[in-house]
Amino acid sequence: MISKSHLNLNYYWRIVATGFGFALFGIGGLFIALVIFPFILVNAKSKDQRKLKAQALISKSFRFFISILRSLGVLTLTTANIEKLKSDSGIMVIANHPTLLDVVLLISYLPRVDCVVKEALWHNPFLKRVVQTAGYISNSTPEQLLDDCVDTLKRGNNLLIFPEGTRTEPGKPEVFRRGAANIALRAQVAVRLVYISCQPSALSKSHRWYQVPKRKMHFTIKVGDCLETSNFITKNEPLSISARRLTQYLQKCYRQGEVLHESVA
Amino acid sequence: MDTKQAIFEHVKTALVDKFEVPAEAVCLEATLYEDLDLDSIDAVDLIITLQDYTKKKIQPESFKQVRTIQDLIEATQQLMDNS
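Quick caveat: nothing in here was measured; it's all calculated off a predicted structure. (Residues numbered from 1 in each chain as written. Chains lettered and ligands numbered in written order. Predicted model: local features only at pLDDT ≥ 70, side-chain atom pairs only at ≥ 80, totals over all residues.)

J.: Explain the confidence of the model for chain B to me, please; I cannot follow it from the model alone.
T.: Residues and elements named next belong to chain B. Looking at chain B, pLDDT values average 90 and 98% of them are 70 or higher. Between the elements of chain B, mean pLDDT differs from a low of 90, seen in helix 2 (residues 40-54), to a high of 94, seen in helix 1 (residues 3-19). We note a pTM of 0.91 for the whole complex and an ipTM of 0.86 for its interfaces. (pLDDT = per-residue confidence, 0-100. Helix = DSSP H or I, 4+ residues; strand = E, 2+ residues; numbered from the N terminus.)

This is the structure:
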């Protein structure tokens, strides 16, 4: 039987380990950006080559970071169909957004993916080169964002988007904005549905970093359908209506926790 | 029918047909983003339909301040008067 003091000890250990995780992410990220990053780019000739190498490095670094969190006992993780993500190309990956770690978790399984990053990082002297080289997309203006997202998908890159635009409020149903659907329809690409859950809830919008849950966080990442979006485009209706239909459909799937309808292609 | 009324009718039709806004929700005081649940992509689409209607090139900046249907109609009217 696990004694109460043992549980307490584990709880305080996880606060310390979580704090260490945050520090490591900052310091490690800086080290990778300044030391390893220039090194791996030495032999990359073209812009596309540099982009691929940069994204692969970020993916590997995130994978390493998650493995440290796991071995420190901050979290446990189970996945379903995760290998599907590796072979995807030219598609949009969408997910719900319960925690701060979602983007790190997903990119750790996506060696090649673009994502939308705060404009502020383009002015950050340390990270500017990383986000530029990786070809990430800035959220400067909505019009530019839409064009850039459509453009990268049309060139065959993958794109990771959280359709809620921000982290989900714990205990509330997901509210999808229509940007993701608009991008997918305009770029005419399929959408890969990924469902993330974190039990008990932590690192959400309403938690501070040190408010670790009583039990260890357990993450589940379920990779679901690869949805063809062309069925949502009709001759008689404008794209604005199609985007609404697609958004409603996706939101329903996530609210019901049903991201997997068919045997995954 | 005066110009403002005509613009209003045009905007209303566009909102109902393209953006699934319930017809009864369209009034002068209604805000585009909050009350009518449009997003920035819809706003661009809406400007394009007004461009077709007025046969004038619209600079998105001149519509940056637009919050309500009333603002939208006035900005459009100004555009038509300006040349």
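Now that the structure has been shown, the text picks up again.
J.: Would you mind showing me how to read the UniProt feature "domain: Carrier" (unreviewed entry) in chain B here?
T.: In this numbering, the UniProt entry assigns the feature "domain: Carrier" (unreviewed entry) to residues 5-80 of chain B. Across residues 5-80 of chain B, helical content stands at 55% and strand content at 0%; the span's end C-alpha atoms are separated by 14 Å. (UniProt positions renumbered as here; feature names shortened; annotations may be inferred.)

J.: Please clarify how the pairing of strand 7 (residues 217-227) of chain A should be interpreted in this entry.
T.: Remark: a regular strand shows side chains that alternate across the two faces of the sheet. Residues and elements named next belong to chain A. Across six bridges, strand 1 (residues 75-80) lies against strand 7 in parallel orientation. Looking at the pairing, T78 lines up with T220 of strand 7. Across eight bridges, strand 6 (residues 191-199) lies against strand 7 in antiparallel orientation. The residue bridging Q199 from the neighbouring strand is H218, located in strand 7. (Pairing = 2+ DSSP bridges.)

J.: How should the packing of helix 1 of chain B against helix 2 of chain B be read in this particular structure?
T.: Axis angle and axis distance: for two packed helices, these are the angle between their axes and the distance between the axes, and together they describe the pair. All names here are of chain B. Where helix 1 meets helix 2, the closest approach of the two axes is 11 Å, and the angle between their N-to-C directions is 135°. Taken as axis vectors, helix 1 and helix 2 run oblique relative to one another. You can see that helix 1 and helix 2 cross each other, and the crossing is right-handed. Where helix 1 abuts helix 2, its residues H10, A14, K18 and F19 lie against D42, D45, L46, T49 and Y53. The class makeup of the residues in the contact of helix 1 with helix 2 is four nonpolar, two polar and three charged. (Axes fitted to C-alpha atoms, helices over the stretch in contact; angles between N-to-C directions. Parallel < 35°, antiparallel > 145°, perpendicular 65-115°, else oblique. Left-handed = near helix turned anticlockwise from the far one by under 90°. Contact = placed C-beta atoms within 7 Å. Nonpolar A, V, L, I, M, F, W, Y, C, P; charged D, E, K, R; others polar.)

J.: Looking at this structure, I do not really get the UniProt feature "modified residue: O-(pantetheine 4'-phosphoryl)serine" (unreviewed entry) in chain B. What am I missing?
T.: Residue and element names in this part refer to chain B. If you check UniProt for "modified residue: O-(pantetheine 4'-phosphoryl)serine" (unreviewed entry), the listed places come out as S40 in our numbering. Tracing the backbone through its elements, the reader meets S40 in helix 2. Accessibility expressed as a C-beta count within 10 Å gives 17 for S40, which makes it partly exposed. (Buried ≥ 20, exposed ≤ 12 C-beta atoms within 10 Å, placed from the backbone.)

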